[in-house]
Amino acid sequence: MRDAAVLARETFAAESQDGLARQLPKIAAAFATLCDRASVDMAECTAVGFCYPGLTDPGCRRVVAAYGKYTDAPTLDLVAWGREYLALPVWVENDARVALLGEWQFGAGRGCDDLVMVTLGTGIGAVAMIEGRLRRGRHGQAGVLGGHFTVRLGGRRCRCGNIGCAETEASNAYLPAIAREWPGFAESRLAAEPVIDYATVFRLAGEGEACAVAIRTHSVQVWGAVIVNLIHAFDPVRVIVGGGVMASADTILPALRDYVSRHAHTPWGTVEVVASALGDDFALFGCEVLLRERMQPTGVSR
Ligand SMILES: [Zn+2]
């Protein structure tokens, strides 16, 4: 990235079950290839941004909790790795926070400094910005645990240790379990599907399949409740919704707007609910904003 322009990109399989340490040589090699492809000398580079789907420390130096993805990540010193193998400073940040930074400067958050973002996918990501400042909190947890709001007392145990988290009620990670326990599932068309994810649920619900319709309704209510909780906690003007499940945005967005307009307590007016604009490029754009913020700690230019 340079000045909001993508100069070159490279993707490879996550292979998170093998750990992050095994990926680092591949990442370093890809970095050199990218510089080559973009005709950029490595010495011209300013910094490297690491965008991670889990908790990171508030100083953006390391991964704090892995939640089953790259389980070795909290033990790795990524800053030392960057210094040794790339001769560059490395900054590490939660993926939802990076997504919000990108949307704020270049996407669906432009022109607004009071934002909440929710990502719906394997899990449920969340993040909050108040008056142009990303909230990180004392331990890096502020705002990002929206997927672990309790939405069902006595519900399923979550991988985080809590019971009845939003993720256990409406995320791709728990959807097969949610579906199996749903009344009427065994006789439903959903039970015959080889893969039970939200793409399947929204497709069958669109065809009127009763079990899929019920799970879709329940899921939208859970996501709506998460958003209302975030609105009550962080006082945003706009909520941005992203993540893979938003492939069904035509159905989800109107339902979420309806839920928020009926249940959020905002006497000043109505919170906007919009779809993310950057898609899979959020990490590229967001990391540029992150690195500017980290390299100039007095704040990001707006
Ligand atoms: Zn949880």
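Everything numeric here is computed off the predicted structure, so don't read it as measured data.

The rules behind these values
Residues numbered from 1 in each chain as written. Predicted model: local features only at pLDDT ≥ 70, side-chain atom pairs only at ≥ 80, totals over all residues. Heavy atoms only, no water. Helix = DSSP H or I, 4+ residues; strand = E, 2+ residues; numbered from the N terminus. Rg over C-alpha atoms; globule rule 2.2 N^0.38 Å. Buried < 20%, exposed > 50% of the residue type's maximum accessible area, 1.4 Å probe, protein only. Contact = heavy atoms within 4.5 Å. Areas by Shrake-Rupley, 256 points an atom, 1.4 Å probe, with all protein chains shown as cover. Lys, Arg positive; Asp, Glu negative; His and termini not counted. Charge placed at Lys NZ, Arg CZ, Asp CG, Glu CD. Polar contact = N/O pair within 3.5 Å; in protein donor to acceptor, adjacent residues only side chain to side chain. Phe/Tyr/Trp six-rings, centres within 6.5 Å; stacked < 30°, edge-to-face > 60°. Domains from an automatic or database assignment. Buried area = accessible area lost by both parts, 1.4 Å probe. Salt bridge = Lys/Arg side-chain N within 4 Å of Asp/Glu carboxyl O. Nonpolar A, V, L, I, M, F, W, Y, C, P; charged D, E, K, R; others polar. Core = buried A, V, L, I, M, F, W, Y, C linked by side-chain atoms within 4.5 Å. Donors = N, O, S within 2.8 Å, 3.2 Å for Na, K, Ca; no water. Tetrahedral: all angles 85-135°; square planar, octahedral: opposite > 155°, others 65-115°. Pairing = 2+ DSSP bridges. Axes fitted to C-alpha atoms, helices over the stretch in contact; angles between N-to-C directions.

> What is the right way to read the overall build of the protein from this model?
Helix and strand counts for the protein stand at 9 helices and 9 strands. Compactness check: the protein gives a C-alpha radius of gyration of 20 Å against a globular reference of 19 Å for 302 residues, within 12% of the reference. Along the three orthogonal principal directions, the C-alpha set of the protein runs to about 60 × 45 × 35 Å. Looking at the protein residue by residue over its 302 residues, the buried ones come to 48%. A separation threshold of at least 6 residues defines the contact pool for the protein, and within that pool the share at least 24 residues apart is 63%. Accessible surface, the protein as shown: approximately 14200 Å² in total, 51% of it carbon and sulfur. Of the charged side chains in the protein, 29 are positive and 33 negative; the average position of the first set lies 4 Å away from that of the second.

> Any chance you could explain the side chain of glutamine 23 here in plain terms?
Mapped onto the elements, glutamine 23 comes out in the segment before helix H1 (24–37). On the accessibility criterion, glutamine 23 (3% relative accessible area) is buried. Separated by 3.1 Å, the side chain of glutamine 23 and the backbone oxygen of alanine 14 make a polar contact. Apart from residues no more than four positions distant in its own chain, glutamine 23 is found in contact with Phe12, Ala13, Ala14, Glu15 and Tyr70.

> Which parts of the structure should I look at to understand the packing of aromatic side chains?
Each pair of aromatic rings is reported with the distance of its centres and the angle of its planes. Enumeration according to the criterion identifies 4 aromatic pairs in this entry. With a centroid separation of 6.1 Å and an interplanar angle of 55°, the aromatic rings of tyrosine 198 and phenylalanine 202 are classed as tilted. With a gap of 4 residues between them, tyrosine 198 and phenylalanine 202 both fall in helix H6 (residues 198–206), about one helical turn apart. Residue classification places tyrosine 198 among the buried residues on the basis of a relative accessible area of 2%. Pairwise contacts between aromatic rings join Tyr198, Phe202 and Trp223 into one cluster.

> What am I meant to see in the domain arrangement of the protein here?
Where interface size is given, it is often the accessible area lost as the parts come together that is meant. According to the domain assignment, the protein consists of domain 1 (16–98 + 281–295) and domain 2 (111–276). Placing a centre on the C-alpha atoms of domain 1 and another on those of domain 2 gives a separation of 27 Å. Counting from both sides, the interface comprises 13 residues of domain 1 and, opposite them, 16 residues of domain 2. A combined buried area of about 1100 Å² lies between domain 1 and domain 2, and 56% of that area is made up of carbon and sulfur atoms. Between the two partners, domain 1 and domain 2, sit 2 salt bridges. Across the pair glutamate 93 and arginine 136 runs a salt bridge, and its minimum N-O distance is 2.7 Å. Mapped by element, the contributors of at least two residues to the side of domain 1 that touches domain 2 are strand S2 (55–56), strand S4 (90–94), helix H3 (95–106) and helix H9 (282–295). No other element matches H9, which puts 3 residues into the side of domain 1 that touches domain 2. Taken together, the residues that form the side of domain 1 that touches domain 2 break down as 6 nonpolar, 2 polar and 5 charged.

> Would you take a moment to explain the nonpolar core for this structure?
If you look at soluble globular proteins, the nonpolar side chains tend to sit buried side by side. Residues Leu190, Tyr198, Trp223, Ile227, Val239, Val241 and Leu256 are the most contacted members of the largest nonpolar core, which totals 48 residues. Contributions of two or more residues to this core are made by strand S5 (115–120), strand S6 (124–130), helix H5 (175–180), H6, helix H7 (210–234), strand S8 (238–242) and helix H8 (249–263). In terms of residues, this core owes the most to one element, H7, which gives 13 residues. Contact partners of tryptophan 223, with chain neighbours within four places excluded, come to Leu120, Ile124, Ala170, Tyr198, Phe202, Val245, Ile252 and Leu256.

> Help me out: how do you make sense of the coordination of the zinc ion in this one?
Angles between donor atoms at a metal ideally measure 109.5 degrees for a four-coordinate tetrahedral arrangement and either 90 or 180 degrees for a six-coordinate octahedral one. Distances from the zinc ion to its protein donors, His148 (ND1), Cys158 (SG), Cys160 (SG) and Cys165 (SG), fall at 2.0 to 2.3 Å. Taken together, the 4 donor atoms coordinating the zinc ion span angles of 104 to 120° at the metal, a pattern that classifies the geometry as tetrahedral. Mapping the donors of the zinc ion onto the primary sequence gives the spacing H-x9-C-x1-C-x4-C. Of the two residues, histidine 148 is situated in the loop between strand S7 (133–134) and helix H4 (166–169) and cysteine 160 in the loop between S7 and H4; the sequence distance between them amounts to 12 residues.

> Whenever I open this one, the sheet that holds S5 confuses me. Can you help?
Within a beta sheet, neighbouring strands are joined by backbone hydrogen bonds and run either parallel or antiparallel to one another. The mixed open sheet is built from 5 strands, whose spatial order is S7-S6-S5-S8-S9. Strand pairing shows two members of the sheet lacking a second neighbour, S7 and strand S9 (272–275), which therefore form its edges. Direction of pairing for S5 relative to S6: antiparallel, over a ladder of 6 bridges. Each bridged residue has a counterpart across the sheet, and for methionine 117 the counterpart in S6 is valine 127. Across the sheet, H3 touches S5, S6, S7 and S8, and the angle it forms with S6 is around 50°. Lying over the sheet, H7 contacts S5, S6 and S8, oriented at roughly 155° with respect to S5.

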